[in-house]
Amino acid sequence: MKSKLFDLLNKIEDILGVPRPNVVVLNYRGVPLNTFVDQINYIEEIGYKFITASDVALYVRGEKKINEPSVCLTFDNKYQISEFAKSFLASRNIPSTVFCLAHTTVNLPDNWELGCHTKTHQELDKRLVHYKKEIIQAKAILESVNGVEVKVFSYPNGKYDKYALKNVQKAG
């Protein structure tokens, strides 16, 4: 299993015609635990540094340099990460980002971060969406329920439009 993931990383220059990126984001959803452990072990073996989604956002905006190969581990909601995986990563001091819906309470390791994943998981590429509720209110609720600042946002199924972008920027 690890070979599929990292064969792709190793061939990215050939596939895309661009140099292998310094930053890779992996989103885990329902991966078997033995595969997950193998992949994390391999990431460590090849010398990648683990970073959070906030680090990636700063890098993309040009506000932070990342000079060494780095990987960001993300989980779409608290139910996509098992307690085993969470304790496995915490025991290795590996930071991760968990994106949750509003009203979700989570207990995350100290070096992990909480990101917002909307209020109801509605896709944000249709103008009929209540953007304020799905983005701005969702972030405020998630911060209030968990007592932590939410710095990153994940669009459900990767779908968004210019109105969603504006509201994410407005939410901070």
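Structure: see above.
Residues numbered from 1 in each chain as written. Predicted model: local features only at pLDDT ≥ 70, side-chain atom pairs only at ≥ 80, totals over all residues. Heavy atoms only, no water.

### What to know about the nonpolar core
In a soluble, globular protein the nonpolar side chains are often hidden away together inside. Of all hydrophobic cores here, the largest spans 34 residues; its most connected members are Phe36, Ile40, Val71, Leu73, Phe75 and Leu89. Sorting the residues of this core by element identifies strand S1 (23-28), helix H2 (33-45), strand S3 (70-75), helix H4 (83-91), strand S4 (97-100), strand S5 (113-116), helix H5 (131-146) and helix H6 (162-171) as the ones contributing at least two each. Per-element accounting of this core gives the leading share, 5 residues, to H5. The contact partners of leucine 89, leaving out residues within four places of it in the chain, are Phe36, Ile40, Leu73, Phe75, Ile81, Ile94, Ser96 and Trp112. Within the second largest apolar cluster, 8 residues are counted, among which are Val23, Ile51, Ile66 and Val152. (Core = buried A, V, L, I, M, F, W, Y, C linked by side-chain atoms within 4.5 Å. Buried < 20%, exposed > 50% of the residue type's maximum accessible area, 1.4 Å probe, protein only. Helix = DSSP H or I, 4+ residues; strand = E, 2+ residues; numbered from the N terminus. Contact = heavy atoms within 4.5 Å.)

### Observations concerning the environment of valine 23
For valine 23, the location among the structural elements is in strand S1. On the basis of relative accessibility, which here comes to 15%, the residue valine 23 falls in the buried class. Residues valine 23 and glutamate 68, spaced 45 residues apart in sequence, show a C-alpha to C-alpha distance of 8.3 Å. Residues within four places of valine 23 in sequence aside, it is in contact with Ile51, Val56, Tyr59, Ile66 and Ser70.

### Here we look at the packing of H5 against H6
With their axes 9 Å apart at the nearest point, H5 and H6 run at an angle of 25° to one another. When the interaxial angle is binned, H5 and H6 end up roughly parallel. For H5 against H6, the interelement crossing comes out right-handed. Contacts between H5 and H6 involve Tyr131, Lys132, Ile135, Ile136 and Lys139 from the former and Tyr163, Ala164, Asn167, Val168, Lys170 and Ala171 from the latter. (Axes fitted to C-alpha atoms, helices over the stretch in contact; angles between N-to-C directions. Parallel < 35°, antiparallel > 145°, perpendicular 65-115°, else oblique. Left-handed = near helix turned anticlockwise from the far one by under 90°.)

### Comments concerning helix H3 (residues 53-60)
In an α-helix, one turn spans 3.6 residues; hence positions three or four apart end up facing the same way. Here H3 has its buried residues at Ala53, Ser54, Asp55 and Val56. Among the residues trailing H3, glycine 62 stands out with phi positive, at a value near 80°.

### Describing the packing of aromatic side chains
Going through the model one piece at a time under the given rule, you end up with 8 aromatic pairs. Look at phenylalanine 84 and phenylalanine 88: their rings are 6.1 Å apart centre to centre, the planes differ by 15°, and that puts the pair in the stacked class. Of this pair, phenylalanine 84 and phenylalanine 88 both sit in helix H4, 4 residues apart, which is roughly one turn of the helix. Judged by its relative accessible area of 11%, phenylalanine 88 is buried. Put simply, the rings of Tyr28, Phe36, Phe75, Phe84, Phe88 and Trp112 pair up and form one aromatic cluster. (Phe/Tyr/Trp six-rings, centres within 6.5 Å; stacked < 30°, edge-to-face > 60°.)

### Brief notes about the layout of surface pockets
Of the volumes computed, that of the largest pocket is approximately 770 Å³. Taken together, 25 residues make up the lining of the largest pocket; nearest its centre are Ala57, Arg61, Lys151, Val152 and Phe153. Mapped by element, the contributors of at least two residues to the lining of the largest pocket are H3, S3, H5 and H6. In terms of residue count, the dominant contributor to the lining of the largest pocket is H3 (6 residues). Of the residues contributing to the lining of the largest pocket, the split by class is 17 nonpolar, 5 polar and 3 charged. Reported here for the second largest pocket is a volume of approximately 230 Å³. Contributing to the lining of the second largest pocket are Ser54, Val106, Asn107, Leu108, Pro109, Trp112, Glu113, Leu114, Asn146, Val148, Glu149 and Lys151. Tallied by class, residues from the lining of the second largest pocket come to 6 nonpolar, 3 polar and 3 charged. (1 Å grid on protein atoms, 1.4 Å probe; cavity = no way out; pocket = protein on both sides within 12 Å on 5 of 7 lines; lining within 4 Å. Points joined across faces, edges and corners; volume = space filled by probe spheres on them. Nonpolar A, V, L, I, M, F, W, Y, C, P; charged D, E, K, R; others polar.)

### Some words on the pattern of salt bridges
Where charged atoms from two side chains of opposite charge come close, those side chains can pair. Summed over all chains, the structure comprises 6 salt bridges. A salt bridge links lysine 64 to aspartate 55, with the shortest nitrogen-to-oxygen separation between them at 2.7 Å. Given the relative accessible area of 16%, aspartate 55 is considered buried. (Salt bridge = Lys/Arg side-chain N within 4 Å of Asp/Glu carboxyl O.)

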